[in-house]
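A look at the structure
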Amino acid sequence: MNVTVELTGTLVARTGTRKARVAVPEDATVADVVERLADKYGTQVRAGVLDGQRLRSDTVVVRESFDSTETLSTASSLENGDTVRFSLNV
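This write-up is about the structure you can find in this document. Worth saying up front: this structure is predicted, and the values here are computed from it rather than measured.

Before going further, it helps to spend a moment on the overall build of the protein chain. Of regular secondary structure, the protein chain possesses 3 helices and 7 strands. Along the protein chain, from the amino end to the carboxyl end, the secondary structure elements read β-α-β-α-α-β-β-β-β-β. For a compact globule of 90 residues, the expected C-alpha radius of gyration is about 12 Å, and the protein chain comes in at 12 Å, within 12% of that figure. Dimensions of the protein chain along its principal axes, counting C-alpha atoms only, are 25 × 25 × 25 Å.

Right under this line is the structure:
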């Protein structure tokens, strides 16, 4: 399945892009998306988002849909076509 990722702040500098599309398994979580981003753009992405297996305290990940915004964790499951935004609160 495919997930669209919107990046902000220093993650743009770490990846060189504001938006990415990643392919992940059907049962993917936010952690899987981070791993795909790290595979594609380098391990600095993982370091910029994760503290061990958890999101860093300054990182917020949200799923955006037409009528709502939902805050996610690394264990949150995703669906095909989801758009998630990684924001750094610094």
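Read on for the rest.
Turning our eyes to something else, we now look at the nonpolar core. In terms of nonpolar packing, the biggest core is built from 24 residues, with V3, V5, V33, L37, L78, V84 and F86 touching the most fellow members. When contributions to this core are tallied by element, the ones reaching two or more residues are β1 (2-7), α1 (10-15), β2 (19-23), α2 (30-41), α3 (43-49) and β7 (83-88). The contacts of F86, once residues within four sequence positions are left out, are V5, E6, L7, T8, L11, V30, V33, V34, V49, V60 and V61.

Turning to the sheet that holds strand β5 (residues 59-64), a few remarks are in order. The sheet built from 5 strands is open, its strands ordered β2-β1-β7-β5-β6 with mixed pairing. Here the strands that pair on one side only, and so sit at the sheet edges, are β2 and β6 (69-72). This sheet shows a mean twist of 30° between the axes of neighbouring strands, independent of strand direction. In terms of strand pairing, β1 meets β7 through 4 bridges, oriented parallel.

Relative to the 16 Å expected for 12 residues at 1.5 Å per residue, α2 spans 16 Å between its end C-alpha atoms, a close match to the ideal helical length. Along α2, the residues classified as buried are V30, V33, V34, L37 and A38. The buried residues of α2 all sit within an arc of 140° when viewed along its axis, so they share a single face. Where α2 ends, the next residue or the one after it, G42, has phi of about 115°, a positive value.

Right, let's get into the pairing of β1. Here β1 runs beside β2; their pairing, made up of 5 bridges, is antiparallel. Directly across from N2, in β2, lies its bridge partner A23.

Attention now moves to the side chain of D82. As for its placement among the helices and strands, D82 is situated in the loop between β6 and β7. Look at D82 and you get buried, because its relative accessible area is 11%. A polar atom in the side chain of D82 sits 2.8 Å from the backbone nitrogen of E79. Setting aside its immediate chain neighbours within four residues, D82 contacts N2, V3, T4 and R63.

Conventions we followed
- Residues numbered from 1 in each chain as written.
- Predicted model: local features only at pLDDT ≥ 70, side-chain atom pairs only at ≥ 80, totals over all residues.
- Heavy atoms only, no water.
- Helix = DSSP H or I, 4+ residues; strand = E, 2+ residues; numbered from the N terminus.
- Rg over C-alpha atoms; globule rule 2.2 N^0.38 Å.
- Core = buried A, V, L, I, M, F, W, Y, C linked by side-chain atoms within 4.5 Å.
- Buried < 20%, exposed > 50% of the residue type's maximum accessible area, 1.4 Å probe, protein only.
- Contact = heavy atoms within 4.5 Å.
- Pairing = 2+ DSSP bridges.
- Axes fitted to C-alpha atoms, helices over the stretch in contact; angles between N-to-C directions.
- Expected span 1.5 Å × (residues − 1).
- Arc of directions from axis to C-beta.
- Polar contact = N/O pair within 3.5 Å; in protein donor to acceptor, adjacent residues only side chain to side chain.

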